[in-house]
Amino acid sequence: MSSEVQALVNYYARSGYPRHIQTVCQEVLKKRPNEPVLLFWRAYGLILEGSYSEALRELEALQGAREVELARAFAMIHAHKMCKIVDEDAVSALQDQVKSEERSATERTMLQAANLYLQLGGWANLDTAKDMLAKVLQVQPNYPHAQCLAAWVELALEAQDPEDAAGGTQRALATFEEVLEAAGTGPKEIEALLGKAHCLEKLGHFPQTLDTLNQVVVGYSWFLPALVEKARVLLVTSDWEQALETAQRVLAQDAQNIEAMRLTVLFLLARESRYTLAARRMADLCEYIDRHEPKNHALYFAVAQSCSRLSGRNPAVLGACTQLMDRARKLAPEVAAYVAEFGYVQLLGGDYAAALQTFHLATQLDELNTACMYGTIYCQLMEDQVDDAGRSIELLSLMSASIDKSADLHYLNALLLQKQQGERQDIVNLLDEAISVHNQTMHGVAMGMDYFVKLQPELLMDVAARLYLLQCGSEPRQSTEPVSPFVTKTANVLGLVSRCVPGLLDAQLLLAKTRLLAADLEGAMRGVTQCLRLEPTFSDAHILMAQIYLHDGKHRMAGQSLEQAVSHNFAARDSPTYHVVKAKVLIATQELEEALKILESAMALPGVKSAPHSKAHKPKKGTAEVTLQERVSIYLLLAEVHNKLGHVPEATKIIQDALNAFQGTPEEVRVTIANCDLALSRGDVEGALAMCRAIPRESPHFLKAKMAAADIYLKHRHDKRAYAMQYQELVDQYPDTQTYMMLGEAYMQIQEPERAIQALEKALGRNAGDVALRNKIGKALVMTHDYQKAVDYYEKACRDDPNQVAMQQELAELYYKLKYYEHAERVLAVALERRRDPDDVNAMMLDVQALLLLAKVHKGSNNLNAATETQMHARTTQTSLLAKLRGDPELSRVQRNLAADICFTLAEEYHEQRNYERALNFYNEALKHNDAHTKSMFALAKLHLIRNETDQCQALCVSLLRTDPDNEEAAMMLAELMFRKEHYETAIYHFQQLLERKPTHYVALAQLVHLMRRAGRLDEVPRYLRMAEKSSPRAGMAAGLWFCKGLHARYGSNPHEALKNLNFARKDPEWGTQAIYSMVEIYLNPDNDTAWDDGATEGRPADNKEALQAATRLLAEVRVRPLPTKHHILEAYALMATKNKNDIETALNNLVSLASKDPDSVPVLLAMAMAFHLLKQMPKARNNLKRVAKMPFNAAEADDFEKSWLMLSDIHILGGKFDLAQEMCKKCLKYNKSCAKAWEGMGAIMEREQSYRDAADHYEMAWKYEHETSPAVGYKLGFNYLKAKRYVEAIDVCHKVLHAFPGYPKIKKDILEKARAAIRP
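Residues numbered from 1 in each chain as written. Predicted model: local features only at pLDDT ≥ 70, side-chain atom pairs only at ≥ 80, totals over all residues. Heavy atoms only, no water.

1. A short note on the confidence of the model for the chain
Scored by pLDDT, the chain comes out at a mean of 86, with 94% of its residues at no less than 70. Below pLDDT 50 for its whole length, residues 613-623 participates in 12 contacts with residues either more than four positions away or in separate chains. Residue range residues 1093-1102 is modelled with pLDDT below 50. Its contacts to residues more than four positions away, or to other chains, number 19 contacts. (pLDDT = per-residue confidence, 0-100. Contact = heavy atoms within 4.5 Å.)

Spelled out as structure tokens, the structure:
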């Protein structure tokens, strides 16, 4: 048999696939019939499968086959011993034959026998195999097959002796590598490669493991087990996506591969929560096992066991598990573990009575089977057979007294104590012990097919849901209240489950609830969003989302979430939680009568008025039990609604009923506080305080009562001193870390940071290692504005513990804010140079934060290259971190968002440098990390717009608006895009829709003014200005509105009105700078001429000295720092406006300096062209303008592009290049239909070509868009009307010009009189 086939047989033997061994041998026997080695291993497959008689017959037929004679004899001995009736004579004869054969065995004979001994396992067999291989290697020391087998034996012996774990693996690895080295460049032994991969995996070198397996995949593409092993190793590293992809590759070649299908099922259950599809795949998997491993009861059991732990109690998945366990029990009815597993599946399905009977059957098969005992006790507790459960636990405790107790036993003890109404602290202690034991059990367990069996997610969820969460309260903590230890414990337990099994929806939902209790609304929303991503119809998640929105003050969205819950599951309306949340939403929206109806129906629910555990109100199967918190919430909300409706007696009675019903429960304090609120609503502040004081110091509710009293003093008496005294009394009563922290938080609440610091320092004295507490003290010092003291405090803390990176970052952040960049850089360098474990994800996260801060420091000190390099380093570290977080989807999601932010920042830097290709790459990389990263989507859309890639830009804008219909920036960009595509109506429609919703959105209004001007519809703007004025009584004082009015007047050729309106906006912090720059442009160029007076002569005074002085004063008013490029350009224009050659040259030098920083800046190139023009250097002016003409249009610089094209058009007209001039004018009109100068230029070209009719049409448009205020355009229009023989129109235009400008020269004589003469008969 070839080494490749032997490797395949060995792999299936190690993996426990006996029928696969037979199938491989049978297939090869078709080509090489009667080969003894193949026949022998086929018989061995029959032995593993339990077909002993058939195997003995096949082995008997191999008598005389020298190569397998020794192995045959021992295999027959093993088969005889496995039979129910052992033939001792045959065994004795075979043992004698083995001794005889061992003396005369050849190397190949011993090799086959050693392989058999290895596969059978056990100390004696492995020692025999080791001795045989030693003899073979003594004769042939470089025999690769023997070397590989010896290494595998070493690994098997190591498994028997864990104390020699590292040594055995290292020796085996050295042997495998020696075999592979000996092969040189030739084919590598599959067994050696698989063995090396196994050793590397055991040593934790997973990248090298995958590389080795890839060698098998590449070298032996037919050897599918290599891909299966690769998928398994990827699963060990928690790289689920890659593992699934590899499994899909296996299934593409072998659609019925059992291991690949197992992994697919686990992925669907553990990651995707796709239970229906998983159940179908499990049915397929059962069919594949029936076909390819029909007698492998252990495989049926293993598949069912791992899937049941991930079932989420889904009936379809549990049904598939039942089907698998039926097969296992039928094949091996005597195995108690199989019966116990069947009982566990029944337990998960909620059929406790049937499960109890099944566990009793399993106990009869094996009285010491602990799984049966645990299952029995759990079912007894669920069936309220508390006494029987107590006796069973006592017996089990006695049995396990000599060994360590399991997590299950501690949990069952806690559950029993809860059923017996035991002490709360005793229950919690037992649960803590259960989790501690469970964590110890899981230590070092690698992710894999059987990992979830040991994880026991259902047990962990029971600990969290049944016990911890019941002790946590029902309302999110207040700002001065520390996080409950029960909340922390619950979050830790559920965090482990949700990290390992993110597809377990109930765990995700419970974790979100826990975060809500900790007032972590963002974390709670992340959890709920994850639930809804996996299962959009999960009504409980929608209800919890409504609770989160409610606590965040988003009442409308809370109502929408409740509607979603009901639409997906109509039965959600019967949930107590639904009633509570719905009532809160209605109360918040002042719909009190509706709230009253909801709460009255809630009171009628079973288990609300009386304890739900009473037999009278035992919940039906499939319905949730009403919790204590929900009962209290219904009572209190009902009282609140009655009180708000003025039904004070009813409210008082309900509160009294609640006090009676919940006396002695953990929720009693909530009722007391509600009673206080009722008293406060009546104005009885003293009565409310008296209720709080009535709670004695020894009461467990004393802390809550003091906090309630403190709130009353602060909110109703506005007595800050008494507010703080309540917390001081808590410190006096319980002088511990927690109360001192509460006192510190209280002082922070009333803006007394000095006293807060004193309290927090005392808390720190009791818990010196609390880094979060140190940070609070540092932040409090910063609040006092004593920055030097804060710096000294942080510096001392960092010296005391140099490994506290978080403190170092706080110090660096403070230095950065104080602009002490060198000190910040020093501190961050120390933080980044510390020694750390390269695989520590927490250390990597801190490194990324430090690098990002260092990048900001470099940017602050104007070291832009270092800032970019540091940002790139942060990106590389974050990428490595994400690779290590593949098994933790929630943390991975948070870190992917950070990676997206890092890429976005890099993209923005490259965007500013006009390196659009790199910017594009980083924007896209940001979206790969987070496809909903709004900032990157919008910035990428802008970049596509700049690059004139309109289709990509439009797709991104549509995506943005689909996810966020109110995204104003996306709506404005889409409008701009529609305009570029000449879809003017669509563009304007988007702005109109935005302004209809929000008339005072002045940014959109300003954009609409620009757009209407470009669309030639400026006359429609006043309607929107009026809408803005009427929408708010304060709109008349809004600087944004005055700016928009000024912009409209400016574009309407009314510079005086524009200056007046813009002047109202120039002092505003938001609109002031834009208003000033617009005013300066009007002062410098009121007629919006493309080229100023050509007569720039030395010493010639400015035409309008007052306007120039006004422009200079306005520029001095700009307070923005650093000054934008536009400011420097306007200063240059102001110098050019003096018409003094020296000033123009100074302006040009300044512009050249700006151009060196940004050579492709259109505004700078235009200003330089103007300077060259005024200095009579026309070729240079033309070259600059030609550069602009070749650039892609950018909407942000639209006016500068337009002026450049018009100026170049004028130059072309003067040079007689009418076609080029016409092209520039058409370019202007493409982007601005109301560009009067472009229409005028087109008219001039037509006029020079003596096409007077066309010239008149173009001048007519120029006259229209100049709003009939330009006498020069009127003159040209009248002249061309005259030439085109349109005498009446010529006379009309002349009258309009003379009416506005009575002294305008020549028009009367040259046009008016001639037109009149032409029409006289």
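2. A short note on the pattern of salt bridges
Using the criterion set out here, one finds 51 salt bridges in the structure. Here the salt bridges share partners, and the residues they tie into one network are Asp-1257, Glu-1260, Arg-1286 and Glu-1289. (Salt bridge = Lys/Arg side-chain N within 4 Å of Asp/Glu carboxyl O.)

3. Points about helix α61 (residues 1141-1157)
Taking 1.5 Å of rise per residue, 17 residues should cover 24 Å, and α61 covers 25 Å from first to last C-alpha, within 8% of that figure. Every buried residue of α61 is accounted for by Ile-1144, Ala-1147, Leu-1148, Leu-1151, Leu-1154 and Ala-1155. Summarising the axial view, the buried residues of α61 lie within an arc of 120°, below the 170-degree limit, and thus occupy one face. α61 presents Asn-1149, Ser-1156 and Lys-1157 as exposed residues on the side facing more than 90 degrees away from its buried surface. Buried residues along α61 sit against α60 (1125-1136) and α62 (1162-1174). Between the side-chain oxygen of the N-cap and the backbone nitrogen of Asn-1142 there are 2.9 Å, and the N-cap of α61 in question is Asn-1140. (Helix = DSSP H or I, 4+ residues; strand = E, 2+ residues; numbered from the N terminus. Expected span 1.5 Å × (residues − 1). Buried < 20%, exposed > 50% of the residue type's maximum accessible area, 1.4 Å probe, protein only. Arc of directions from axis to C-beta. Polar contact = N/O pair within 3.5 Å; in protein donor to acceptor, adjacent residues only side chain to side chain.)

4. Quick notes on unusual backbone geometry
Residues other than glycine seldom take positive phi values, yet Lys-1176 does so here, at roughly 65°. Mapped onto the elements, Lys-1176 comes out in the loop between α62 and α63 (1178-1190). Relative accessible area serves as the criterion here: at 55%, Lys-1176 is assigned to the exposed category. Even without being a glycine, Lys-1285 presents a positive backbone phi close to 65°. Structurally, Lys-1285 is set in the loop between α68 (1271-1283) and α69 (1287-1300). With relative accessibility at 63%, the residue Lys-1285 sits in the exposed group.

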